[in-house]
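Results of the structural survey
Listed here are the chains, written in short residue letters.
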Amino acid sequence: MKFLLGLFALGLGVCLANAQEPTKAIAVLQPTAGNNVTGSVTFTKSGDAVKVVADVTGLTPGKHGFHVHEFGDCSSSDGNSAGGHFNPMHKQHGAPDASDRHAGDLGNIEADASGKAHLEWSDKVMKLSGADSIVGHAMIVHEKADDLKTQPTGNAGGRLACGVIGVAKP
């Protein structure tokens, strides 16, 4: 029996050692109740950063808070099942370029007159693997602009769309 357990442990160790860290993830945004905001957000490892590319439609013109939230749960009709901002290092809420910010703080995405928004951002705080990985958490688009200072949410209002961040094919 010990021999079999040893072989099992050895095999498990080999499997874990050969597991590759994800290099790409994606969130497909679905509207919350009463909204028609949809889109996708890709996260691609690029050197010591994660490149974020988002395309969102169905927004009102202007800025909308854009954050990774703590739970990969978009099951509630209002998106609140995704919890608060993803903040594994217990930092203050802030702008995406601030040194003191949540790992999930991406600031705002800005929609044009037709309700379309595009964002490209290279982020050195986000991780695609390890204890602080964004994979398995949720991406949220908010109704109002993130003021980048109000704690802990940026006063960005309700949730217009939610998508769980999952590993994508590289």
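Everything below is about the structure shown above.
Calculation rules
Residues numbered from 1 in each chain as written. Predicted model: local features only at pLDDT ≥ 70, side-chain atom pairs only at ≥ 80, totals over all residues. Heavy atoms only, no water. Helix = DSSP H or I, 4+ residues; strand = E, 2+ residues; numbered from the N terminus. Buried < 20%, exposed > 50% of the residue type's maximum accessible area, 1.4 Å probe, protein only. Polar contact = N/O pair within 3.5 Å; in protein donor to acceptor, adjacent residues only side chain to side chain. Contact = heavy atoms within 4.5 Å. Salt bridge = Lys/Arg side-chain N within 4 Å of Asp/Glu carboxyl O. Core = buried A, V, L, I, M, F, W, Y, C linked by side-chain atoms within 4.5 Å. Pairing = 2+ DSSP bridges.

Further remarks concern the side chain of arginine 101. Assignment of secondary structure puts arginine 101 in the loop between β4 (62–69) and β5 (105–111). Owing to a relative accessible area of 4%, arginine 101 belongs among the buried residues under this scheme. For arginine 101, the side chain forms a polar contact with the main-chain oxygen of proline 96, separated by 2.8 Å. A polar side-chain atom of arginine 101 sits 3.2 Å from the main-chain carbonyl oxygen of aspartate 105. With residues up to four places along the chain from it excluded, the contact list for arginine 101 reads Lys91, Gln92, Gly94, Ala95, Pro96, Asp123 and Val125.

This part takes up the pattern of salt bridges. According to the stated counting rule, one finds three salt bridges in the structure shown. One salt bridge in this structure joins lysine 51 and glutamate 120, with 3.5 Å as the shortest N-O distance. Placement of lysine 51 in strand β3 (residues 49–57) and of glutamate 120 in strand β6 (residues 117–123) is noted, with a sequence separation of 69 residues between them. Take lysine 51: its relative accessible area is 37%, and that puts it in the partly exposed class. Take glutamate 120: its relative accessible area is 48%, and that puts it in the partly exposed class. The partner of aspartate 123 in a salt bridge is arginine 101, with the nearest N and O atoms 2.9 Å apart. One end of the pair, aspartate 123, is in strand β6; the other, arginine 101, is in the loop between β4 and β5, with 22 residues separating them in the sequence. Pair check on accessibility: aspartate 123 and arginine 101 agree, each one buried.

So, on to the environment of isoleucine 26. Of note, isoleucine 26 is situated in strand β1 (residues 24–31). Each residue touching isoleucine 26, except ones within four places of it in the same chain, is listed here: Val41, Thr42, Phe43, Val164, Ile165, Gly166 and Ala168.

Looking now at unusual backbone geometry. With an omega of -5°, the peptide bond running from glutamine 151 to proline 152 counts as cis. Mapped onto the elements, proline 152 comes out in the loop between β7 (138–142) and β8 (159–167). Of note, asparagine 155 is a non-glycine position whose phi angle comes to about 55°, a positive value. If you trace the backbone, asparagine 155 turns up in the loop between β7 and β8.

So, about the nonpolar core. Within soluble globular proteins, side chains that are nonpolar tend to cluster in buried spots. Core analysis: the largest hydrophobic core is formed by 28 residues, its most contacted members being Val41, Phe43, Phe66 and Met139. If you list the elements that add at least two residues to this core, you get β1, β2 (38–46), β3, β4, β5, β6, β7 and β8. Here the element with the most residues in this core is β3; it accounts for four residues. The contacts of valine 41, once residues within four sequence positions are left out, are Ala25, Ile26, Ala27, Leu29, Val52, Val53, Ala54, Phe66 and Met139.

Take the pairing of β1 next. Here β1 runs beside β2; their pairing, made up of six bridges, is antiparallel. The residue bridging alanine 27 from the neighbouring strand is valine 41, located in β2. Between the antiparallel neighbours β1 and β2 lie six residues, among them glycine 34 with a positive phi of about 80°. Bridge analysis of β1 against β8 gives five bridges, and the strand direction is antiparallel. Across the sheet, the residue bridging to proline 31 is alanine 161, located in β8.

This next bit is on the pairing of β4. When you tally the buried positions in β4, you get six out of eight residues, the bulk of the element. In this sheet, β5 lies alongside β4 in antiparallel orientation, the contact comprising five bridges. Bridge assignment links histidine 67 to a residue of β5, and that residue is aspartate 105.

Function cannot be read off these values alone, since they describe shape.
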